[in-house]
Amino acid sequence: MKPNLKTARLDAWDIRILSEIQSDGRISKSELAKRVHLSASACSERLRVLEAAGIIEGYFARLSPSLTGGAIFVMVEVVLNRHRLEDQRHFESAIQRVPQVLDCWAIGGRIDYLMRVAASSMAAYQEFMDGLLQVGLGIDQYYSLIVTKSVKSNSPIPLSALEER
């Protein structure tokens, strides 16, 4: 049976591997093996299993914030006008295809979704939101929170509390 996210069992070796690659996604397999104290072949096999199980979703580069120049980031709280499953699925499917939406989370409480949006200016952001409202995604209300400074971003998931699953 092929392991998946629900059936995968993480042991101390897996947690060490995950911790290391969260800190340095470009680490070579041989260096990773040295850091976690495994043979290169055992480490490579564990890495392959973690990838196949969907525990490792991908490898990314963290870009310098100075690259964005005058770009703005906006946290957008979204309330849908209906809360049927098909309305949620329609919204979520459409948002997957919108490159300006960097992150989108379904949340509980007074709002339905929280999105992190990038735009080149406030005018571009407003034009973007006007477009979202016009395409029929079922947005009833939205609230914009302008990011003025990044205090902490792209932090690794803390693995120290993980028990063997």
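One structure accompanies this document, and this report is about it. (Residues numbered from 1 in each chain as written. Predicted model: local features only at pLDDT ≥ 70, side-chain atom pairs only at ≥ 80, totals over all residues. Heavy atoms only, no water.)

Within the secondary structure, S64 is located in the loop between helix 3 (40-52) and strand 1 (72-80). Since its relative accessible area comes to 41%, S64 is described here as partly exposed. Taking the C-alpha atoms as reference points, S64 and E77, 13 residues apart in sequence, are found 26 Å from one another. (Helix = DSSP H or I, 4+ residues; strand = E, 2+ residues; numbered from the N terminus. Buried < 20%, exposed > 50% of the residue type's maximum accessible area, 1.4 Å probe, protein only.)

Now for the packing of helix 1 (residues 12-23) against helix 3. Direction vectors running N to C along helix 1 and helix 3 enclose 80°, while the axes themselves pass 10 Å from each other. The angle between helix 1 and helix 3 places the two elements in the roughly perpendicular class. Here helix 1 contributes W13, D14, I17, L18 and I21 to the contact with helix 3, which in turn contributes C43, R46, L47 and L50. Classifying every residue of the contact of helix 1 with helix 3 by side-chain character gives seven nonpolar, no polar and two charged. (Axes fitted to C-alpha atoms, helices over the stretch in contact; angles between N-to-C directions. Parallel < 35°, antiparallel > 145°, perpendicular 65-115°, else oblique. Contact = heavy atoms within 4.5 Å. Nonpolar A, V, L, I, M, F, W, Y, C, P; charged D, E, K, R; others polar.)

Across a sheet, strands are paired by hydrogen bonds formed along the backbone, either parallel or antiparallel in direction. In space, the four strands of this open sheet follow the order 2-3-1-4, with antiparallel pairing throughout. Of all strands in the sheet, those with a lone pairing partner are strand 2 (101-106) and strand 4 (139-146), marking the two edges. For this sheet, the mean inter-axis angle between neighbouring strands, taken without regard to orientation, is 20°. Bridge count for strand 1 against strand 3 (residues 113-119) is seven bridges, and the pairing is antiparallel. Counted as the bridge partner of M75 is R116 from strand 3. Relative to strand 3, helix 4 (residues 85-96) is tilted by about 20°, and along the sheet it contacts strand 1, strand 2, strand 3 and strand 4. Here helix 5 (residues 122-134) sits on the sheet in contact with strand 1, strand 2, strand 3 and strand 4, set at roughly 165° to strand 4. (Pairing = 2+ DSSP bridges.)

Interpretation note: all reported values are geometric properties and have no functional meaning in isolation.
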